[in-house]
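Below are the chains, spelled out letter by letter.
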Amino acid sequence: MPAPATSRQADGYTVTVRGEPMAGMAHPLTVSIAKDGKPVTDLEPYLYTYAHLTAFHEGDAAFAHIHPTTKVSGDNGAPDLSFHAELPTFGNWRLFLQFQAGGKLHAAALTLRVG
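Here's what I pulled together on the structure shown here. Quantities reported herein were computed from a predicted structural model and do not represent experimental measurements.

Here we look at the overall build of the chain
Check the secondary structure of the chain and you find 0 helices and 10 strands. Each helix (α) and strand (β) of the chain, taken in turn from the N terminus, gives the series β-β-β-β-β-β-β-β-β-β. Viewed in the frame of its principal axes, the chain has a C-alpha envelope of about 35 × 25 × 20 Å. Evaluated residue by residue, the chain yields a buried proportion of 43% over its 115 residues. For the chain, contacts bridging at least 24 residues in sequence account for 59% of all contacts bridging at least 6.

Quick look at the structure:
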């Protein structure tokens, strides 16, 4: 698994995760999406939400699928998406974020350390 990082580039987008989740406790995570250094404002609904976040724990089969708490309001999602994350085990988690912009589905992966 790649080393933990709070930011990752994919398909010309920069995805940044903020928050410090603790194992077994609900914690907020904020995901920000930018393109060419500017916050995106054109996120489109994908499967009824602006993003899907799936997390897999290093070393076992634990996983979580999390939707943003940000409500869908047309085809102009803001660059910051709030998630209510409850990851049951400490250690490294590989996060996969899917979001749609410009009529295309994009995916970014990064590793998050959970204390």
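Remarks on the environment of His-106
Relative to the elements of secondary structure, His-106 occurs in strand β10 (residues 104-114). For the pair His-106 and Ala-51, spaced 55 residues apart in the sequence, the C-alpha separation amounts to 9.7 Å. Ignoring sequence-local partners within four residues, the contact set of His-106 consists of Asp-11, Tyr-13, Leu-97, Gln-98, Phe-99 and Ala-101. A polar atom in the side chain of His-106 sits 3.3 Å from the backbone oxygen of Ala-101.

A word on the packing of aromatic side chains
Scanning all chains against the criterion turns up 3 aromatic pairs. Seen in terms of ring centroids, Tyr-13 and Phe-99 are 5.2 Å apart; in terms of plane orientation they differ by 80 degrees. Their pairing is edge-to-face. Placement of the pair is Tyr-13 in strand β2 (residues 13-18) and Phe-99 in strand β9 (residues 91-101), with a sequence separation of 86 residues. With relative accessibility at 5%, the residue Tyr-13 sits in the buried group. Aromatic rings pair up to connect Phe-56, Phe-63 and Phe-96 into one cluster. Across from the ring centre of Phe-96, 6.0 Å away, lies the NZ or CZ of Arg-94, which sits over that ring.

Remarks on the nonpolar core
Among the nonpolar cores identified, the biggest contains 29 residues, and Ile-33, Leu-43, Phe-83, Leu-95, Leu-97 and Phe-99 are the most heavily contacted of them. Where this core is concerned, the elements lending two or more residues are β2, β3 (26-35), β6 (51-57), β7 (63-66), β8 (80-86), β9 and β10. Looking at which element gives the most residues to this core, the answer is β9, with 5 residues. Phe-83 has contacts with His-27, Pro-28, Leu-29, Val-31, Ala-51, Leu-53, Ile-66, His-67, Pro-68, Thr-69 and Leu-97, leaving out every residue within four places of it along the chain.

Here we look at the pairing of β10
Sheet analysis places β9 next to β10, joined by 11 bridges and oriented antiparallel. What sits directly across from Gln-100, in β10, is Leu-105. Hairpin connection of β9 to β10: 2 residues between the antiparallel strands, including Gly-102 at a positive phi of 65 degrees.

Section: the environment of Gly-12
Structurally, Gly-12 can be placed in the loop between β1 (7-10) and β2. Placed 57 residues apart in sequence, Gly-12 and Thr-69 show a C-alpha to C-alpha distance of 25 Å.

Description of unusual backbone geometry
Phi at Asp-11 is positive, roughly 55 degrees, even though this residue is not glycine. Positive phi, normally seen in glycine, also occurs at Leu-47, with a value near 50 degrees. Inspection of the secondary structure assignment puts Leu-47 in the loop between β5 (43-44) and β6. Leu-47 sits in the exposed class, given a relative accessible area of 55%.

What counts and what doesn't
Residues numbered from 1 in each chain as written. Predicted model: local features only at pLDDT ≥ 70, side-chain atom pairs only at ≥ 80, totals over all residues. Heavy atoms only, no water. Helix = DSSP H or I, 4+ residues; strand = E, 2+ residues; numbered from the N terminus. Buried < 20%, exposed > 50% of the residue type's maximum accessible area, 1.4 Å probe, protein only. Contact = heavy atoms within 4.5 Å. Polar contact = N/O pair within 3.5 Å; in protein donor to acceptor, adjacent residues only side chain to side chain. Phe/Tyr/Trp six-rings, centres within 6.5 Å; stacked < 30°, edge-to-face > 60°. Lys NZ or Arg CZ within 6 Å of the ring centre and 35° of its normal. Core = buried A, V, L, I, M, F, W, Y, C linked by side-chain atoms within 4.5 Å. Pairing = 2+ DSSP bridges.

The analysis is restricted to geometry; functional conclusions fall outside its scope.
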